[in-house]
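Report on the structure
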Amino acid sequence: MTTMPASVPTAVGEALTRIEGRLKVTGQARYAAEFPAPGLAYGWIVPARIARGRVRAIDIDAALALPGVLAVLHHGNAPRLTDAGDATLLVLQDDAVPHWGWPVALVVATTSEQARAAAERIHVTYDEEPHDVVFSAEHAGTYIPDHVNPAQETSTVLGDVDAALAAADVVVDATYSTPNEHNSPMEPHSATARWADGRLEVIDSNQGAFAVRQSLATLFSLDPSAVHVRSEHVGGGFGAKGTARPHVVLAAMAATVLQRPVRVTLTRQQMFSLVGYRTPTVQRVRVGADASGRLTALDHLAYSQTSRVLEFTEQTAIYARVMYAAGALRTDHRVVALDVPTPRWMRAPGEAPGSFAVESALDELAEQCGIDPVELRARNEPDVEPATGRPFSSRNLRTCFTEGARRFGWAGRDARPGVRRDGRWLLGTGTAAATYPARVTPSTATATAEADGLFTIRITASDIGTGARTALTQIAADALRVPLERVRVLIGDSDFGQAQLAGGSLGTGSWGFAITEACRALRTELDGGATVPPDGLTARADTAERVQALPALSRHSYGAQFAEVAVDLSSGEVRVRRMVGIFAVGRVVNPLTARSQLVGGMTMGLSMALHEEAILDPVFGDVVNHDLAGYHVATNADVPPIEVDWVDDADDVIPTGTKGLGEIGIVGAAAAIANAVWHATGARHRDLPIRPDRVLFS
Amino acid sequence: MERATAATITLTVNGVAHSLDIDHRTTLLDALRERLDLTGTKKGCDHGQCGACTVLVEGRRADSCLLLAVAVAGKAVTTIEGIGGAAAGEALHPVQQAFLDHDGYQCGYCTPGQICSAVAVLDEHAAGWPSAVTGDVGAEEIVLDEPEIRERMSGNLCRCGAYVSIVAAVADAAGAQS
Amino acid sequence: MREFGYDRATDVAGAIALLGADPHAHYLGGGTNLVDLMKLGVEAPTRLVDVSRLPLAGIEVLPDGGLRIGSTASNSDIAAHPDVRRRFPAVAQAVLAGASGQLRNVATAGGNLLQRTRCPYFTDVTKPCNKRVPGTGCPARDGEHHNHAILGASVQCIATHPSDFAVGLVALDARVTVQESDGPREIPLEEFYRPVGSTPERETVLGPGALITGIVLPGLPIAARSRYRKVRERASYAFAIGSIAAALHVTDGTVTEVRIALGAVASRPWRARAAERVLLGAPVGADAFADAADAELAAAQPLRDNAYKVPLMRNLIVTMLSELAEAPGR
């Protein structure tokens, strides 16, 4: 074997362009719907057009008579499924319609044009029942959930909040709301399923091929080894592809019935009812402080909705559990089950809406106390995690604010609202803090020394645009102590074994942990003189035990968000003129892609602040603006220069020293913008998005 | 009245003429993706609301999801595969290189549409076309500054939020071209 | 989408003959709205007569200094045309404010005028809609209507016309030239769209089989100082929630000529005649502008969620007129 040079340049920390970059800019990267298959048939979902009730009859004769139509699956003829712990996947199993858009049939035809035309011809009659789709904090069905997503305490109580509020010099008591927001990745969910050599072969658009494999195996009562899920390139997810979604179940069902390859791709419209979204929230925040702005009480109560299919309670109020040293702290959740699609994860579930409320309330407190918002936050820095008393692994929020304020030019800011003007625009600046948990979960990986001197890493990671493929290659190269060019990382294949899905900012840390372990084990073997056989020498790692043994620290990323806005009170238009975000995110593996992640999160936060809102029709129970013309996400013209950087944040609890980058950018961004709108106009916007009509009437 | 619902057409894509028996309902986008295996052109919304399917038709950018293939017959279509770099070793178009260098993409799904659009934006600017943010719509010289790039690229949604880098990439490519 | 026949017309007479031969045929221009609606099932023609390659794409200067815009001219070509930009800036600005660069390259002038409302109930065939299926009702009135009409609507329909281009045109007295089976016809754009009344499904005065051949902009000197402004819920690539096209001429402190049209407030581009009447002969100034806006909006019938459009349009009228009054060269 060859001896490694004593010093190999370290790949971690290098600003490398994406390994798959050339494939992406040339259109050669294939996404789930883009693999040809001989005999491919196309499935088209027939969605329910009532919000609650039962299917009385489905007339499929006209559809079956159309050219090219191969089958129509519905609850009367579809294969039976076994519950895999997610009732949103139990499609075509009975006549119940739990919400508008629920699949009531799947048409399969030899072309997508034929399938779509046939779907239009399927006549469904319903026994409609009165539905309940309107969310409010006053809803009579509101209840206290057993836990909040994913398995966190519903409530935490520290001290006597009510007594502390009664005794406070200054009190802010305000209610905030955020609407239904939809992840809306650019690539619609798609799956192509076929049976080959006794295995269900699936190419799917998801954030975790292993989890999808496990679900399919259970649903179809198959041995997990008989299911193979691949997802090499994924066109965004933001949580909407976190686990299996109905399209992949339907594709597998049809491929099984027809014994030929079947592709099911959701339409953009169908995505508004079948893949999850961020629940609307109503949040009451009460903050008590002494005259110097030191918090004596912080009370955060969050209301959200779930469906009648599956309980999902967004962890909106957990934000306050880690952020500020309040004397008394209470966080709590309420949820109501409605006849609506099931809300699921959307980028920074919990922290994104929760930070909007808490960081807006802090701005209101700063206003009332006459204290600079940056200084107010500095005065309330905790020594330990407030809700648990756990020590922080590292907490560099103050540094973020200091550096952010310097970059933004915050010093000397005139705190008075509504006094700066540029033509028809009123100008203002705002700030907010951000945090997101830095967790890791057990994962497995293999590292193989190939006979030709190259190294192959296999892990069921997913690169949904995060740059995971590139970052993991950098991590592997350093762990192997070889140049980057000698390492190939293969991802998105369930045959590579269990691994964390791409979500919750868990990816790089969890995958990097397993890869580091596998690479170090391989390095040790090679350094010990092991020879590489012709089919390679493989080391495998499973971090389950190591993860279990990690110290019980409060481990979070932090950030300071700054925004400048312009508001035209005569038209209601709000434009963000610039943003600065400074973050403490542990070690940064790849500055180029890290910056993109953080800027991307802030961009989605801008979109959340000003644009995004799914409008529910109370009569029909559906999202009225169920497309990208109606559901507005930020366009290029909405997004100003965004400056992002990070501060030193050494934290070597896990081998990669990383904390995750996927969510932190969106946290606090909407609050910073809303606070800037107050500074510009003197009007406090507690309801998102800050629409022109709301500005006009403020 | 007898009416045919399919036709044999010639679709010229990236300089290659393809004879296709095509259902009149088939869009240019579906013809490219499902019939010609040119999957670089993406389907994001299928209704002209996102720009992921942007191609060039007779050199002008268009959303291929709203064009019927039968109506495009005889016109020259350029897809991302015809912009550059599709074959191993083939040079990238300067716009592609700029997207790569500036990390003007993340998941990559909107990227071919963004790049086709950017190529056309440079041509439109060179032709003196104004935009909605052009101060004097009658002006003969229009500087392709960042606000102009943002507006002109706004027909291409990017949910990953890569706009800041996309603007940098387009500005870079524009500078290199001029 | 059901199967359909397809013919490509090579001349105007042939197009009209092809359309007349099939009672459920539809002209296809750029298709940016029609193909969208066909995918949604809102339109289900049995035959498309493709008129996009008819020799009607020219834009020419007329002897009176006006312009004739061919009906198949693309939106992009209109906005890029030097004479449109310099002599009818509101028209160029309105076109550029619409859709995206990709869509403007394909969408035609004629198709822009004939595009359908984006009311979410009209575009969803599972919902009632008096415009799509007469007599089924209007869920928008009690449902989602935050971007619906405040002027000229009826109990049957409160949908708005989505065009920006048409707002610029109607402010500047544009006329639509049409070929019908019995010959050519020219229709002022202001009269081209029918009042909603009890027949929201009948949107224009076009007869069966009529083909728009062009748009005539008369040679108005005031047009060279016209402007268009659009307000929407994001900075680009969105339909208006309110827009205005206007031109103003002041002589010795008195308004001697004024043209105002409003967008996103009615089933058609809304010529603000009441406002114009107040302004003509009035001393120029903020008071007159406010009076004019109030006069136009006196007839507004806002609903629960679109009442903001009244102050929005009032502010747009006053701001636009103030800017025009202060602009150099008026």
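Thresholds, definitions, all that
Per chain, residues are indexed from 1 in the order of the written sequence. In the order they appear in the text, chains get letters beginning with A and ligands get numbers beginning with 1. In keeping with the predicted nature of the model, local features appear solely for residues at pLDDT of at least 70, side-chain atom pairs appear and are counted solely at 80 or more, and the whole-chain, interface and lining totals rest on all residues. The basis for every side-chain value is the complete set of non-hydrogen atoms in the structure, without hydrogens or water. We call two strands paired when DSSP finds no fewer than two bridges between them. A run of DSSP states H or I qualifies as a helix once it reaches four residues; a run of E qualifies as a strand once it reaches two. Both are numbered from the N-terminal end. For helices, the axis comes from a line fit to the C-alpha atoms of the stretch in contact; other axes are also lines fit to C-alpha atoms, and the angle between any two N-to-C directions lies between 0 and 180 degrees. When checking whether two residues touch, look at their non-hydrogen atoms; a contact exists if any pair is within 4.5 Å. Note on definitions: salt bridges are taken to be side-chain nitrogens of Lys or Arg within 4 Å of carboxyl oxygens of Asp or Glu. Exposure classes here rest on a 1.4 Å probe applied to the protein chains alone. A residue is buried below 20% of its type maximum, exposed above 50%, and partly exposed in between. Annotation comment: domain bounds sourced from an automatic or database domain assignment. Reported buried area values correspond to the accessible surface (1.4 Å probe) lost by two parts on association, with both partners' losses combined. Whenever a nitrogen or oxygen atom comes within 3.5 Å of another N or O atom, the pair is scored as a polar contact, on the condition that within protein one atom can donate a hydrogen and the other can accept it, and that pairs from neighbouring residues in sequence are kept only if both atoms are in side chains. As a working rule, the residues Ala, Val, Leu, Ile, Met, Phe, Trp, Tyr, Cys and Pro are called nonpolar, Asp, Glu, Lys and Arg charged, and the rest polar, with Gly in that last group.

Attention now goes to the sheet that holds strand β7 (residues 183-188) of chain C. All names here are of chain C. The strand order across the open sheet formed by 5 strands is β4-β5-β8-β6-β7, and the pairing between neighbours is antiparallel. With one partner strand each, in any of the chains shown, β4 (59-61) and β7 form the two edges of the open sheet. Ignoring strand direction, the axes of neighbouring strands in this sheet form an average angle of 20°. Relative to strand β8 (residues 211-217), strand β6 (residues 175-180) runs antiparallel, the two being bridged by 5 bridges. Bridging across to β8, R175 finds its partner in V216. Strand contacts of helix α1 (residues 12-20): β6 and β8, with the helix running at about 135° to β8, the strand carrying the most contacts.

Right, let's get into the pattern of salt bridges. As a working rule, side chains carrying opposite charge can pair if their charged atoms are close by. All names here are of chain C. Applying the stated rule across the entire model yields 85 salt bridges over all chains. Notably, a salt bridge pairs R47 with D7, separated by 2.2 Å at the nearest N-O pair. Of this pair, R47 sits in strand β3 (residues 47-50) while D7 sits in strand β1 (residues 5-8), placing them 40 residues apart in sequence. Classification of R47 as buried rests on a relative accessible area of 5%.

As a further point, take the domain arrangement of chain A. Residues and elements named next belong to chain A. Taken as a whole, chain A is organised into domain 1 (393-440 + 551-698) and domain 2 (441-548). On a C-alpha basis, the centres of domain 1 and domain 2 stand 34 Å from each other. Contact residues are listed per partner, giving 17 residues for domain 1 and 20 residues for domain 2. The contact between domain 1 and domain 2 buries some 1300 Å² in all, and 61% of this surface belongs to carbon and sulfur atoms. Of all residues in domain 1, the largest losses of buried area upon contact with domain 2 belong to V440, V589 and P655, amounting jointly to 41% of the total for that side. Linking domain 1 with domain 2 are 0 salt bridges, by the criterion used here. Where domain 1 packs against domain 2, one counts 5 residue pairs in polar contact (both at pLDDT 80 or more). Only β18 (425-437) and α15 (591-610) provide two or more residues apiece to the side of domain 1 that touches domain 2.

Bringing the interface of chain B and chain C into the picture now. Interface size is often expressed as the accessible area that is lost when the parts come together. In this assembly, 45 residues from chain B lie in contact with 44 residues from chain C. The contact between chain B and chain C buries some 3500 Å² in all, and 53% of this surface belongs to carbon and sulfur atoms. Scanning the region where chain B abuts chain C turns up 4 salt bridges. A salt bridge links R86 of chain C to E140 of chain B; the nearest nitrogen and oxygen atoms lie 3.6 Å apart. Connecting chain B to chain C are 23 residue pairs in polar contact (both at pLDDT 80 or more). Where the side of chain B that touches chain C is concerned, the elements lending two or more residues are β4 (60-63), α2 (69-72) and α5 (111-126) of chain B. Each residue belonging to the side of chain B that touches chain C can be placed in one class, and the counts come to 19 nonpolar, 15 polar and 11 charged.

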